[in-house]
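Architecture at a glance
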Amino acid sequence: MTAPVTLRLMHGADVAEVQRIERLSYSVPWSELTFRGLLQRQDAELLVAELDGRLAGYAVYWQVLDQGELGNVAVDPVWRRRGVARRLVVAVMERAAERGVRELFLEVRPSNAGARQLYESLGFARVGQRRNYYQEPAEDALVMRVFLMPDPTPPDGGAAADGSGR
């Protein structure tokens, strides 16, 4: 039986293994410098998933005010289809909400049916498209969003119940 997935913040010592998973997962992988730079940012969090004592995957997100961007999620091919990506995305959603993020965005290839299905099952919905976003192979990106917290603005645009606007 496989041990449970454990999640923790990424450390600098994890970058080499994260980079290996990145290269196995993406045709245009992020550089080591990109990961090390993100580790230094106060507005970003990088999470890793461990399974059976090995780094199985990672997720990266950052925020600007009350919006967040799920920048990257990848799982080592050995550990795919075991719920690792779901655990990572759920953790990002929870942690982002704790930091005050109201809506979380991501880009995904239309051809990546597995990822799209995962995101949709977690409440993400398509809100746009970016033309020629991906390279090798060239492909558009679907922009997806999930609300993590309700919008504090009333549907009437903020008018008070008595009509005074206060």
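Note that the coordinates shown come from a computational prediction; the quantities given were computed from them, not determined experimentally.

1. What to know about the packing of helix H3 (residues 84–98) against helix H4 (residues 113–121)
- As a packed pair, H3 and H4 sit with axes 11 Å apart at the nearest point and diverge in direction by 45°. Taken together, the axes of H3 and H4 are oblique relative to one another. For the pair H3 and H4, the sense of crossing is right-handed. Residue-level contacts link Ala85, Arg86 and Val89 of H3 to Leu118, Tyr119 and Ser121 of H4.
- The residue inventory of the contact of H3 with H4, partitioned by class, reads 4 nonpolar, 1 polar and 1 charged.

2. With respect to the pairing of strand S4 (residues 67–75)
- The buried fraction of S4 amounts to 7 of the 9 residues, a majority that puts the element mostly inside the structure.
- Where strand S3 (residues 54–64) meets S4, 8 bridges bridge the pair, whose relative direction is antiparallel. For valine 60, the partnering residue across the bridge sits in S4 and is asparagine 72.
- Between S3 and S4, which pair antiparallel in sequence order, lie 2 residues; one of them, leucine 65, sits at a positive phi of approximately 55°.
- Relative to strand S5 (residues 103–108), S4 is paired through 3 bridges, and the arrangement is parallel. Among the inter-strand pairings, glutamate 69 is bridged to a residue of S5, identified as phenylalanine 105.
- On the question of chirality, the crossover connecting S4 to the parallel S5 by way of H3 is right-handed.

3. Here's the deal with the sheet that holds strand S2 (residues 44–51)
- As summarised here, the arrangement of the 7 strands in space is S1-S2-S3-S4-S5-S7-S6, forming an open sheet in which the pairing is mixed. The open sheet has two edge strands, strand S1 (6–9) and strand S6 (125–134), and neither has a second partner. Sheet twist, expressed as the mean angle between neighbouring strand axes with direction ignored, is 25°.
- Looking at chain direction, S1 and S2 are connected through 4 bridges and run antiparallel. Counted as the bridge partner of arginine 8 is valine 48 from S2.
- In the packing of H3 onto the sheet, the strands contacted are S1, S2, S3, S4, S5 and strand S7 (139–147), and the crossing angle to S2 comes to about 145°.
- Where H4 meets the sheet, its contacts fall on S4, S5 and S7, and the angle it forms with S5 comes to roughly 165°.

4. Let's talk about the nonpolar core
- Of all hydrophobic cores here, the largest spans 31 residues; its most connected members are Leu70, Val84, Val89, Met93, Tyr119 and Phe124.
- If you list the elements that add at least two residues to this core, you get S2, S3, S4, H3, S5, H4 and S7.
- The leading source of residues in this core is H3, at 7 residues.
- Among residues more than four places away in sequence, those in contact with methionine 93 are Leu104, Leu122, Phe124, Val146 and Leu148.
- Listed in part, the 13 residues of the second largest apolar core include Met10, Ile21, Leu46 and Tyr58.

Conventions we followed
- Residues numbered from 1 in each chain as written.
- Predicted model: local features only at pLDDT ≥ 70, side-chain atom pairs only at ≥ 80, totals over all residues.
- Heavy atoms only, no water.
- Axes fitted to C-alpha atoms, helices over the stretch in contact; angles between N-to-C directions.
- Helix = DSSP H or I, 4+ residues; strand = E, 2+ residues; numbered from the N terminus.
- Parallel < 35°, antiparallel > 145°, perpendicular 65-115°, else oblique.
- Left-handed = near helix turned anticlockwise from the far one by under 90°.
- Contact = heavy atoms within 4.5 Å.
- Nonpolar A, V, L, I, M, F, W, Y, C, P; charged D, E, K, R; others polar.
- Buried < 20%, exposed > 50% of the residue type's maximum accessible area, 1.4 Å probe, protein only.
- Pairing = 2+ DSSP bridges.
- Right-handed = clockwise from strand over helix to strand, strands pointing away.
- Core = buried A, V, L, I, M, F, W, Y, C linked by side-chain atoms within 4.5 Å.

From the geometry alone we can't say anything about function, so treat these as descriptive.
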